[in-house]
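For reference, the chains in residue letters:
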Amino acid sequence: MPPSTDDSTASAPDGSGDTVASPRPLNIVLVGFMATGKTTIGRILSKKLGFQFVDCDHEIEKQQGMKITEIFKTQGEEAFRQMETDFLQSLASQSKLIISTGGGVVGRQPNREILPTLGYVVWLHTKKQVIFDRVMSNSNRPLVQTEDPMGTIKALLKVRKPLYKEVADIQIKTHKLTFDETAEGIIDTACYFFSKQQAECNPICEVSQGGGKGE
Ligand SMILES: Nc1ncnc2c1ncn2[C@@H]1O[C@H](COP(=O)(O)OP(=O)(O)O)[C@@H](O)[C@H]1O
Ligand SMILES: O=C(O)C1=C[C@@H](OP(=O)(O)O)[C@@H](O)[C@H](O)C1
Ligand SMILES: [Mg+2]
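Residues numbered from 1 in each chain as written. Chains lettered and ligands numbered in written order. Predicted model: local features only at pLDDT ≥ 70, side-chain atom pairs only at ≥ 80, totals over all residues. Heavy atoms only, no water.

Draft legend 1. Quick peek at the site of ligand 2. Around ligand 2, 13 residues are found, and the nearest of them are K38, D57, R81, R141 and R160. Contact between ligand 2 and K38: an oxygen atom at 2.7 Å from a side-chain N or O atom of the residue. Note that an oxygen atom of ligand 2 is positioned 2.8 Å from one of the backbone N or O atoms of G103. When the free accessible area of ligand 2 is taken as 380 Å², the share hidden by the protein chains comes to 95%. Because more than half of its atoms lie within 2 Å of the grid, ligand 2 is assigned to the largest pocket. Residues that form the shell around ligand 2 fall into these classes: 5 nonpolar, 3 polar and 5 charged. (Near = heavy atom within 4 Å. Polar contact = N/O pair within 3.5 Å; in protein donor to acceptor, adjacent residues only side chain to side chain. Areas by Shrake-Rupley, 256 points an atom, 1.4 Å probe, with all protein chains shown as cover. 1 Å grid on protein atoms, 1.4 Å probe; cavity = no way out; pocket = protein on both sides within 12 Å on 5 of 7 lines; lining within 4 Å. Sits in = over half its atoms within 2 Å of the grid points. Nonpolar A, V, L, I, M, F, W, Y, C, P; charged D, E, K, R; others polar.)

See the structure below:
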């Protein structure tokens, strides 16, 4: 059963009737185009933080007993997209996870609603040419097995960039960063995000930060 958008909001405590977002669970969710490092950085974050690493593609491959390329070939992209949605839904109410998604997960509206409810969402991004060089080095990404892979990358990026932006709390351009710098940057900003969230969820903190109406 998909989580309804109502589950992720609550009435504002000031009685205004406004809705406020529910606190995010303590997870880090990596989104971004193919080969931007979601799986690699996810593993590093998992080791550094001691959080469980969950790679959506790998989990789907395990469930189906076949590689992504094979799933696309035998069941089609739409079936794979449904598996992605089902898998994201299965993560609701879990915490201390590093969730690496597949690059196309943002294509579906229900996924874009679920992603921010799963945790702090980080958009990894890099240059087209870097993406091209990386995806050309292996054949496990069916969507770029075309006659004009650079054209395909450009077309997909055009559609997807606004969607990554829609779901992400932060964008990190990784081409000048080492793996470690990227991971540390994510940890620092996630720390800030979750401590700010904790303060905002605590009315006493809010008053002490100047949010009270008394003075
Ligand atoms: N920042 C980076 N610098 C150098 N190589 C990278 C970087 N990020 C990813 N790679 C390499 O690119 C390839 C694809 O990375 P991967 O983590 O599988 O990306 P994604 O999960 O986003 O598709 C891997 O070989 C990985 O080592
Ligand atoms: O961009 C996409 O649509 C896809 C990206 C892949 O994951 P990575 O982003 O980890 O390569 C994988 O989910 C599948 O090949 C489809
Ligand atoms: Mg990956």
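Draft legend 2. Local environment of the sheet that holds strand β4 (residues 52-55). Strand order in the open sheet made by the 5 strands is β4-β5-β3-β6-β7, with parallel pairing throughout. Sheet topology places β4 and β7 (170-173) at the edges, where each strand pairs with a single neighbour. On average, each strand axis in the sheet is inclined to that of its neighbour by 25°, with strand direction left out of account. Strand contacts of helix α1 (residues 38-49): β3 (28-32), β4, β5 (97-100) and β6 (120-125), with the helix running at about 165° to β3, the strand carrying the most contacts. Helix-sheet contacts for helix α5 (residues 109-118) involve β3, β5 and β6, and the interaxial angle to β3 is about 145°. (Pairing = 2+ DSSP bridges. Helix = DSSP H or I, 4+ residues; strand = E, 2+ residues; numbered from the N terminus. Axes fitted to C-alpha atoms, helices over the stretch in contact; angles between N-to-C directions. Contact = heavy atoms within 4.5 Å.)

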